[in-house]
Amino acid sequence: MKINPIFFIALGLFGVYTIEFGVVGILPAITERFNVSTSQAGMLVGVFALVIALCGPFMVLILSKYNRKNVIMVSLLIFAGSSLLSAYAPNFYVLLALRIIPALFHPVYFSLAFAAAVSLYPKEKSTQASAKAFVGTSMGMVLGIPITTYLVDQFSFEAAFIFCAVVNTAASVGIAIMLPKSSKAEKVSYGEQLGILRKVPLWINIGAATFIFAAMFSVYSYAAEYLEQVMGLSGKIVSVMLVIFGVGGVAGNLLAGRLIGKNRVRTTVFHPIVLAISFLLLYMGEKSIVPIIVIVVLWGAAHTSGLIVTQIWLTSEAPEAPEFATGLYISFINLGVSIGSLAGGWFITTTGMKGTIWSGLLFIMLALVCIAIKIVYFNRKGLEVNRVSNGA
């Protein structure tokens, strides 16, 4: 049975997002192993996101001249190598330095992987291709933490990093064998790619994506604490709920891919509204287990589908330079993650645990303002425009 190349693209996305977020699950082991504080260990997450935000678009721009398939394979091997070296890092600062290397290539792989995924399908099925690839992203974001935590608890500190190395190596080998050479992208000059920065609608879309991710991570960054303190769940039940959150996320991601393929604008408007509804249901603090499961599934679906909705909404404004636009996307959503987690923490400090919901709702309102401006001033036909592939 022949495996679809998109499986290995998704596997690579799972691997890189496990590298980015999986370290959260082993922070206690890192503090103990290297004798550093929790805040110092947290730099492993913050520095990773900061490098992506600052360097992402430029790395994508620089490497866009090279063969797409080769760059994808090399990026995956760099992820694998840095993970293997991290397993045996002699001190914390070497480990921190080893986080910078995959962070530089994270947006490169992300951008080129989605371009490769789309190239495997007819143009009218491009959003479905993106949705399938995004399964790897959502699984990495949601399951990366519990997987690395389990590996450290059951085996060793090194096992968590070796797991990431194995996953990315397998993805690289699979892509080398299965991804057609015809997926090589048409060369676009640096000037043409940088030209998209003159587009006002693109910057409005960037604003919407940044605010949606700020909303998502205002709440998700404190998910475990919220479920314990407000919903009254035990630590073990919270772990189960986070897995249920991930299942809802995968389903929501695939559903969003279908909906956005039918009508991009309506889906983009509808998404933050559903996210707001899930936040309001969380705010109510339901205590019964069945309603909590329903709420968590809805929350997971709304949260994770934000990936594909915002990515397609943003990149659709720059079809002439999709890889560079995706580099901008990954840079700004990481900025949104940082802003959202900081804002959520501030709201919690000033108003209590439920304050994180108010932070999320505030950013949703800002995102909806951006989306409304884009539709009213740059898309005169509004909700009737854009069935699939032309600019939104």
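What you are looking at is a predicted structure, and each value in this text was computed from that prediction instead of being measured. (Residues numbered from 1 in each chain as written. Predicted model: local features only at pLDDT ≥ 70, side-chain atom pairs only at ≥ 80, totals over all residues. Heavy atoms only, no water.)

**Brief notes about the overall build of the protein chain**
Of regular secondary structure, the protein chain possesses 15 helices and zero strands. Against the globule reference of 21 Å for 392 residues, the protein chain gives a C-alpha radius of gyration of 20 Å, in line with a compact fold. Referenced to the eigenvectors of the C-alpha coordinate spread, the extents of the protein chain come out at roughly 50 × 45 × 40 Å. Expressed as a percentage of the 392 residues in the protein chain, the buried residues total 58%. Sequence-distant contacts in the protein chain: of pairs separated by 6 or more residues, those separated by 24 or more amount to 85%. Here the protein chain has roughly 16300 Å² of accessible surface; of this, 70% comes from carbon and sulfur atoms. Each charge class in the protein chain can be summarised by its mean position, and for the 25 positive and 14 negative side chains these summaries are 10 Å apart. (Helix = DSSP H or I, 4+ residues; strand = E, 2+ residues; numbered from the N terminus. Rg over C-alpha atoms; globule rule 2.2 N^0.38 Å. Buried < 20%, exposed > 50% of the residue type's maximum accessible area, 1.4 Å probe, protein only. Contact = heavy atoms within 4.5 Å. Areas by Shrake-Rupley, 256 points an atom, 1.4 Å probe, with all protein chains shown as cover. Lys, Arg positive; Asp, Glu negative; His and termini not counted. Charge placed at Lys NZ, Arg CZ, Asp CG, Glu CD.)

**Quick word on the confidence of the model for the protein chain**
Of all residues in the protein chain, 91% attain a pLDDT of 70 or more, and the chain-wide mean is 83. Element-level pLDDT for the protein chain is lowest in helix α8 (residues 190-194), with a mean of 71, against a maximum mean of 93 in helix α12 (residues 264-283). In the model, residues 381-392 has pLDDT below 50 throughout and makes 36 contacts with residues more than four positions away in sequence or in other chains. (pLDDT = per-residue confidence, 0-100.)

**Observations concerning helix α4 (residues 68-87)**
The terminal C-alpha atoms of α4, which comprises 20 residues, lie 29 Å apart, in line with the 28 Å expected from a rise of 1.5 Å per residue. In this structure Asn67 caps α4, since a side-chain oxygen of it lies 3.1 Å from the backbone nitrogen of Lys69. (Expected span 1.5 Å × (residues − 1). Polar contact = N/O pair within 3.5 Å; in protein donor to acceptor, adjacent residues only side chain to side chain.)

**Things to note about the packing of helix α9 (residues 200-220) against helix α15 (residues 355-378)**
Here α9 crosses α15 at 160 degrees, and the two axes come no closer than 8 Å. In terms of orientation, α9 lies roughly antiparallel with respect to α15. Seen along the crossing, α9 lies across α15 with a hand that is left-handed. In terms of residue class, the contact of α9 with α15 is built from 18 nonpolar, six polar and one charged. (Axes fitted to C-alpha atoms, helices over the stretch in contact; angles between N-to-C directions. Parallel < 35°, antiparallel > 145°, perpendicular 65-115°, else oblique. Left-handed = near helix turned anticlockwise from the far one by under 90°. Nonpolar A, V, L, I, M, F, W, Y, C, P; charged D, E, K, R; others polar.)

**Regarding a positive patch on the surface**
Together, Lys125, Lys132, Arg258 and Lys262 make up a positively charged patch on the protein surface. Examined against the element boundaries, Lys132 turns out to sit in helix α6 (residues 126-154). Taking the relative accessible area as the measure of exposure, Lys132 reaches 37% and is therefore partly exposed. (Patch = residues over 30% accessible without salt bridge, like charges linked within 9 Å, V, L, I, M, F, W, Y side chains within 5 Å. Salt bridge = Lys/Arg side-chain N within 4 Å of Asp/Glu carboxyl O.)

**Quick word on the pattern of salt bridges**
Scanning the entire structure with this criterion turns up two salt bridges. Between Glu158 and Arg33 there is a salt bridge, with the nearest N and O atoms lying 2.9 Å from each other. Of the two residues, Glu158 sits in helix α7 (residues 157-178) while Arg33 sits in helix α2 (residues 27-34), which places them 125 residues apart along the sequence. Between Lys374 and Glu317 there is a salt bridge whose closest N-O contact spans 3.0 Å. Here Glu317 lies in the loop between α13 (289-315) and α14 (322-351) and Lys374 lies in helix α15, a separation of 57 residues in the sequence. With relative accessibility at 14%, the residue Glu317 sits in the buried group.

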